[in-house]
Amino acid sequence: MKLIISIIIILILAFLIKRSKALDNKGVIGASIMGFTLLYFCGVKYFILLLSFFILGSLVSKIGLKEKRKYKLEETQRSLKNVLANGLIPFIFALLSILSPIFLPAFTGSLSTAASDTFSSEIGVLSKEKPILITTLKPVEKGEDGAVSKLGLLAGFLGSLSIGIFSYILFNDFKLLISTAVSGFLGNLFDSILGALFERRGLIDNEITNLLATLFGGLIGILIYVIL
């Protein structure tokens with residue numbers, strides 16, 4: 001019965017995602033496989049948290065589309081690459097949490113990093129002020145790798161905090177709220193540093209940057225949780 005219910009839920013969500021055009025066909029398939037695995041093997045709480053990240057990310061991507069089109073920065077439909085870049089590390093940490101609960105803050109921290117980065121990217125480009133490069137603090141153009149702004153940083157913190165709040169509601173653990181919110185924001189900053197040092201020079205692409213940042217956010221999540 002659990003298997004049948006899980007399949008039905010995923011099929012319905014896949015249909016809704018397909019209709020919303022938030023993901024392309026391969027992206028829908030990849031997200032559906034991740035969603036089904038978390039729902040069936042890890043439990044509904046993990047699935048809801050992953051779903052909340054997806055919904056929040058889709059919503060913020062629609063903010064200020066006119067302004068984003070002006071700078072050719074809009075990205076309303078994401079691909080399988082985007083799904084894996086943001087979701088693979090949280091997915092792995094979620095599966096590892098089956099073996100040990102210590103990987104729960106890694107799962108929420110890595111997911112929070114992805115949310116924080118998404119909020120920063122989608123809202124930060126709408127800032128009226130010129131962004132600065134995180135490593136040199138010198139002004140750069142909007143959308144450049146490693147660029148940050150006050151609005152983007154604030155949005156990034158709200159993104160990580162939102163996943164932290166959902167984590168607290170789902171798992172009833174205040175330590176998890178703190179570790180998730182903080183590690184997600186730090187992971188977002190790490191993402192910007194990687195962008196400034198390596199991505200701008202063509203040494204790595206955006207997908208590798210996101211993978212490394214979510215890994216960093218997950219590991220920091222464990223560290224903060226243990227310290228607390």
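This one's a predicted model, so the numbers in the text were calculated from it and none came from an experiment. (Residues numbered from 1 in each chain as written. Predicted model: local features only at pLDDT ≥ 70, side-chain atom pairs only at ≥ 80, totals over all residues. Heavy atoms only, no water.)

## Comments concerning helix H7 (residues 150-171)
Point 1. The end-to-end C-alpha separation of H7 is 31 Å, in line with the 32 Å expected for 22 residues at 1.5 Å each.
Point 2. Three or more residues of H7 are buried, namely Gly152, Ala155, Gly156, Gly159, Ser160, Ser162, Ile163, Gly164, Ser167, Leu170 and Phe171.
Point 3. Close packing links the buried residues of H7 with helix H3 (44-61), helix H6 (104-124) and helix H8 (174-199). (Helix = DSSP H or I, 4+ residues; strand = E, 2+ residues; numbered from the N terminus. Expected span 1.5 Å × (residues − 1). Buried < 20%, exposed > 50% of the residue type's maximum accessible area, 1.4 Å probe, protein only. Contact = heavy atoms within 4.5 Å.)

## A word on the side chain of Asp191
Point 1. Tracing the sequence through the fold places Asp191 in helix H8.
Point 2. Despite being buried, Asp191 has no salt bridge partner; Arg78 is the closest side chain of opposite charge, sitting 12 Å away.
Point 3. If near-sequence neighbours (up to four positions away) are discounted, Asp191 is found in contact with Asp117, Thr209, Asn210 and Ala213. (Lys, Arg positive; Asp, Glu negative; His and termini not counted. Salt bridge = Lys/Arg side-chain N within 4 Å of Asp/Glu carboxyl O.)

## Quick look at the environment of Val83
Point 1. Along the polypeptide, Val83 turns up in helix H5 (residues 80-96).
Point 2. Sequence separation between Val83 and Val28 is 55 residues; the distance between their C-alpha atoms is 8.8 Å.
Point 3. Apart from the residues lying within four places of it in its own chain, the contact partners of Val83 are Leu23, Gly27, Gly30, Ala31, Met34 and Leu88.

## Observations concerning the pattern of salt bridges
Point 1. Enumeration over the complete set of coordinates arrives at three salt bridges.
Point 2. Put simply, Arg200 and Glu144 hold a salt bridge, and the shortest N to O gap is 3.1 Å. Here Glu144 lies in the loop between strand S1 (132-133) and strand S2 (147-148) and Arg200 lies in the loop between H8 and helix H9 (206-227), a separation of 56 residues in the sequence.
Point 3. On the basis of relative accessibility, which here comes to 41%, the residue Arg200 falls in the partly exposed class.

## Quick look at a nonpolar patch on the surface
Point 1. A grouping of Ile4, Ile8, Ile12, Phe15 and Leu16 is seen on the molecular surface, where their side chains present a nonpolar patch of about 490 Å² in accessible area.
Point 2. Along the polypeptide, Phe15 turns up in helix H1 (residues 2-20). (Patch = residues over 30% accessible without salt bridge, like charges linked within 9 Å, V, L, I, M, F, W, Y side chains within 5 Å. Areas by Shrake-Rupley, 256 points an atom, 1.4 Å probe, with all protein chains shown as cover.)

## So, the side chain of Ser179
Point 1. Its place among the elements puts Ser179 in helix H8.
Point 2. What Ser179 contacts, discounting residues up to four positions off in sequence, is Pro105, Gly184, Gly221, Ile224, Tyr225 and Leu228.

## Regarding the UniProt feature "transmembrane region" (unreviewed entry) in the protein
Point 1. Those residues carrying the UniProt feature "transmembrane region" (unreviewed entry) are residues 38-61, 82-104, 151-171, 176-198 and 210-227 in this numbering.
Point 2. What you have in residues 176-198 is 100% helix and 0% strand, and the ends, taken at the C-alpha atoms, are 31 Å apart. (UniProt positions renumbered as here; feature names shortened; annotations may be inferred.)

## Points about the packing of H5 against H6
Point 1. Where H5 contacts H6, the two axes come as close as 8 Å, and the packing angle between them is 170°. Considering their axes alone, H5 and H6 lie roughly antiparallel with respect to each other. Taking contact as the criterion, the partners of Asn86, Ile89, Pro90, Phe93 and Ala94 in H5 are, on H6, Ala106, Phe107, Ser110, Leu111 and Ala114.
Point 2. Considering only residue class, the contact of H5 with H6 consists of eight nonpolar, two polar and no charged. (Axes fitted to C-alpha atoms, helices over the stretch in contact; angles between N-to-C directions. Parallel < 35°, antiparallel > 145°, perpendicular 65-115°, else oblique. Nonpolar A, V, L, I, M, F, W, Y, C, P; charged D, E, K, R; others polar.)

## What to know about the nonpolar core
Generally speaking, soluble globular proteins have nonpolar side chains that are buried together.
Point 1. In terms of nonpolar packing, the biggest core is built from 33 residues, with Leu38, Tyr46, Leu49, Phe107 and Phe171 touching the most fellow members.
Point 2. For this core, the secondary-structure elements that each account for two or more residues are H1, helix H2 (25-42), H3, H5, H6, H7 and H9.
Point 3. Top element by residues in this core is H6. It accounts for eight residues.
Point 4. Not counting residues within four places of it along the chain, the set of residues in contact with Phe171 comprises Lys45, Tyr46, Leu49, Leu104 and Leu176. (Core = buried A, V, L, I, M, F, W, Y, C linked by side-chain atoms within 4.5 Å.)

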